[in-house]
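# Structural characterization, general
Listed below are the residues making up each chain.
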Amino acid sequence: MASSAPDIEHVTSRETILVRGVKKYFGPTRALDGVSFSARAGEIHAIVGGNGCGKSTLAKVVSGILPIDGGTVSILGETPSTPAESRALGISTVYQEVLVADESSVVDNIFMGADRLFSKTLSQERKVARAAELMEELSGEPVDPHALVGTLPLGLKQWITIARALLSEPKILILDESSAALDFDSTERLFARMRALRNRGTTVLIVTHRIAELIRISDRATVLRDGRDVGVLEKAEITERNLLALMTGEDRGTSHAVHTAPQPRTPERAMKARNLAVWPNARSFDFDLRRGEIVGVAGLDGQGQDAFVRVLAGVAPAARGLVQVADRNDGWLPVRTLGEAVKGRIAYVSGDRKREGIFASLSIFENMVMPLYREKKRAGILGIIDRPTLTTIFKREAENLLIKFGAKEDRITSLSGGNQQKVLIGRGFAMRPDVIVLNDPARGIDVGAKTELYKHLRAFAEEGRAVVYMSSEIEEFLGFATRVIVFRDGAPFDAFDGRALETKRVLEAMFGQTSGEGLATAHGLTPKRARTERSGGAPEGDGVRVQVSVPAEIKATLRSGHDGLSPQQVPVERLVATATPKVAMAPKTIRVVEFGAEGQPRSGASR
Amino acid sequence: MSTAAITTPTAKTEAQGGRSNPFLLMPITLFFALLAVAVLRAPSLMSASGIGAAIIVVTPLILATYTLMASTISGRGTVDLSVGPLIGFINVTLIQLHGAGLLENPIAVFLYCMAVGALYQLIFSLIVIYVRVQPIIVSLSGYLALSGINLVILPRPGGMAPAFMAEWGYGTSIFSPILIILLLATAAWLLFTATAFYTHLRLMGSDERAAYTSGVPITIVRIGAHMISGCFAGLAAICFTALISSGDPSQGTTYTLIAVTALVLGGASLGGGRGGVFGSALGAINLYLITYVLSTFNFGTVQSFVTNLAYGAILVISLLLTLLIPVIQRRIRNFSPLLYFVALSVVVLGIILHAIFDYGALGAAGAIVPGPLDMQAALTGPLEIATVSPETEALRIAAAPLVLSVLLLIVIAVFVRLAVGQSNRRTLAPAVAVVVAALVLAGAYVMAEGVRGPETEAVE
């Protein structure tokens, strides 16, 4: 409980948020079951916990959009009950969903809610100027303030919601998974902004899954589990181990490390791609996927890794080249469309639940076993759904993945985000595929479920099937992926052996700072062709240790943000002037390299 | 997947995002296409009485479309099906009350009509907000209930409109009181778009959750939108009463479907958040022009079926063409409906002048000049009722400089538009100024020519 936590420091700063024994029920589900926590002025306070533990609910309660069923909430001495009231109090909230009005302009979206009912608080010209300035400052690129929001990419829409919260200096800023749609560079800018606000006395409340970010940014953290607060960690105590121990209720910080990545037993291939190009003007490449391996796919946002896994799964067509999958009679089937992918027994699980996953108005049961209706039908042409068999399958998958649900007839939207994702992964498994392609499936999943997912995928691979796993978090690959392929400019840039995987090296590759020699080796794109010199490196990687190598300019900002990072937290970057492959690269710019902290363009890598 | 779209590469100097709003593209194109055909088929449309009659007929429809538009923008799929019966209800109650000796004063009539409309919409919005029924269900119930109530109040068409309205429905001149009502209603909406309330309305219609969580008072905004909608319904009922000069319990009902068609044709989004008076007015005018053009062909007894068929076909085609809009948005970052309107109006002005000059020169319509079949007659024959005579040939030669100058104007307009687009200042003001100035010049030229030619009416 919070009261048990040491509360000796910072006694001088006043407490702005005081939550005591808050209860919130949604029907039979207890989203919050007596949560207590407090946050002070001038601190960045993180709320952490597994999925369905009530983090987002708590954020909504504090921001006043959810009425509570019990307990007390006191924010700056008051209890707001509508968004308008909390806004008047100086509370700004950025919600998990990207809440923008697509049909309206950027200015109107940023100033949404800032006007009184009939009169404007600022003249339109000043609004336009302020919106343009704020958006350029935040997103690092100019945005037309008159543009319709519907024409903007998702990252900029997210910035609009953040800009809306930062419009007036908030007394309390609540960020609920707000960095989800932002890339690395943008996240850094957001953090710099948060530190500046904190130093001016704002209470910043962040709700996040990204433990690496949380450790870097937060001053204190309250850990929730099952709708209750289970502990408060001070700055010095915020480590992965402590967080995980509190979140899971047991010390499983080390359990992760014992796993080694599965190694294929046969050189038999499950899929092959020849002369593949994911973008029309990107370099083409070959790719082989062996049976029994897990291939990790990484890259900065929008570098083609996403398109690559979609091409492999037949969801999107390739710009050039052909993907083929081995059938069960040693033949090869082409994968050009989704239909062919299903025939080739390729399952695709997307992390974008809302758009590529759930059927929101159907039950949990239907969501999981829907693809099997046709396969398991009975009575021949009548095609009656075989519910008993499907129920067995449903039960098995639900138990395997530890899905928490009420009744299987409940709507899938009654589940928390992480549990919805588990249902989708269960759907993928239930189809008994030969190859499973996962597109950032761990987005919004808690640590316990992640561990379960890895275990299942590992077992899946050991049965002689293959897994392609795209992730935006490198630490997911540690002790899990057989090899990791890093994408850059729409083509593979480098590859790493999963047994000797270093997060730092992968990150360097993502930023284009490695030689790219890994591609031709045994853990490269086409393992069979390479000289097989298996130097068995000791399995490294201890779970979720994170090292982030930061470009120099950004690092300067980090330092200016007053909490001095110790030297090993900010690794010395080795910016090797590489002989970049002399190929016609796509005319794409990589934001992280192109912009410095203040948004000024930066010219290339220097020693 | 979304992440791929986040870092779409753009030149650094170029601001992200497009402000193009190409939804008016279809209504404008259709408007001028129909106008050109209508003028060629029946040049009498372009006379004071022709335009006057058109305004009288089309105004109730335009106002009914405004009624729908105001509530549709508020989102939640609010398509007010009850607009037709509501107009009918106001019409029949007005006639009955007038018959009973009440409501003699014009001001009282206006206040009564708008108050009834607003009251109905207030109840509508309260049900939608507090009972949380789907708006379409509420409006359907309203449609059925009001259709019945109208017949109870006035079983058969009849009664007399208030005396002051008697002359409104003649439509002999362009500047009738009906036009003034229409212009005032349009101007009121345009003034309204400058307020914070309108911004709230659009934000709420586009994404209600976003608006609510940002502190927009959505309940009040929704009620306000419905009240505005009700006021438009009252005005529509007044114009409708003036048009038929009596009471009719069932005629108003037909406005529902036409108004919904006009709204969609005008580029509004039934999902909410997008819609405007220009689009709605153009949509309604387009439907009128379709009827008008079809009436110049003789379909006999199936005329009304052909009209409905044309409505449906044109609606579907225009919605299919709307699929091109994302493509347009990708290519053109700043589409200006105003400039497009001006450019097309120059072309159609030429067609109108041509039709009227020919007509004037020929005197009697439909005179067939015997002679060898030439290519031009074969091409223009199906479109034109009048045929070309030697006198008009001479006139055409005289008009050649005019045509050339019009073409020149279009070229200039396109170039100026490009120049403005390339420069950093994102305003259309210079381009519009140039085009308007050129139009004035062209008008002056026409008038100078017109001294020699027979009756060149001011057609614009």
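Okay, so let's go over this structure. On a predicted model such as this, the values are computed, not experimentally measured, just so you know.

The rules behind each value
- Residues numbered from 1 in each chain as written.
- Chains lettered and ligands numbered in written order.
- Predicted model: local features only at pLDDT ≥ 70, side-chain atom pairs only at ≥ 80, totals over all residues.
- Helix = DSSP H or I, 4+ residues; strand = E, 2+ residues; numbered from the N terminus.
- Buried ≥ 20, exposed ≤ 12 C-beta atoms within 10 Å, placed from the backbone.
- Contact = placed C-beta atoms within 7 Å.
- Pairing = 2+ DSSP bridges.
- Axes fitted to C-alpha atoms, helices over the stretch in contact; angles between N-to-C directions.
- Core = buried A, V, L, I, M, F, W, Y, C linked by C-beta atoms within 7 Å.
- Parallel < 35°, antiparallel > 145°, perpendicular 65-115°, else oblique.
- Left-handed = near helix turned anticlockwise from the far one by under 90°.

### A short note on the overall build of chain B
For chain B, the count of helices and strands is 18 helices and zero strands. The buried share among the 460 residues of chain B stands at 43%. Sequence separation of at least 24 residues holds for 80% of the intrachain contacts in chain B that already meet a minimum separation of 6.

### Things to note about the sheet that holds strand β11 (residues 285-290) of chain A
All names here are of chain A. The sheet built from four strands is open, its strands ordered β11-β10-β13-β14 with antiparallel pairing. Each edge of the sheet is formed by a strand with only one pairing partner; in this case those strands are β11 and β14 (332-334). Strand after strand, the sheet turns through a mean of 20° between neighbouring axes, direction not considered.

### Here's the deal with the nonpolar core
Core analysis: the largest hydrophobic core is formed by 181 residues, its most contacted members being L205 of chain A together with L61 of chain B. If you tally residues by element for this core, the top one is helix α10 (residues 218-244) of chain B, at 15 residues. The residues touching L205 of chain A, leaving out its near neighbours within four places in the chain, are I17, A39, H45, I47, A59, V62, I172, L173 and I174 of chain A.

### Regarding the environment of A310 of chain B
All names here are of chain B. If you trace the backbone, A310 turns up in helix α13 (residues 303-322). When the C-alpha positions of A310 and T291 are compared, they lie 8.5 Å apart, and in sequence the two are 19 residues distant. Those residues in contact with A310, other than ones at most four positions away along the chain, are I290 and L294.

### Focus on the packing of helix α3 (residues 48-72) of chain B against helix α7 (residues 177-192) of chain B
All names here are of chain B. Direction vectors running N to C along α3 and α7 enclose 25°, while the axes themselves pass 9 Å from each other. Viewed along their axes, α3 and α7 adopt a mutual orientation that is roughly parallel. α7 is crossed by α3, and the crossing has left-handed handedness. The segment α3 lies against α7, with I55, I56, T59, I62, L63 and Y66 engaging I178, L179, I181, L182, A185 and W189.

### Description of the sheet that holds strand β6 (residues 172-176) of chain A
All names here are of chain A. An order of β5-β6-β7-β3-β8-β9 is seen for the six strands of this open sheet, with the pairing classed as mixed. The outermost strands of the open sheet, each flanked by one partner alone, are β5 (91-94) and β9 (228-234). Neighbour-to-neighbour, the strand axes of this sheet turn through a mean angle of 15°, independent of strand direction. Here four bridges tie β5 to β6, and the two strands are oriented parallel to one another. By the bridge assignment, S92 is partnered in β6 with L173. Where helix α1 (residues 55-62) meets the sheet, it contacts β3 (43-49), β6, β7 (203-207) and β8 (220-225), and its direction lies at approximately 150° from that of β7. Each of β5 and β6 is contacted by helix α5 (residues 154-166), which is oriented at about 175° to β5, the strand it contacts most.

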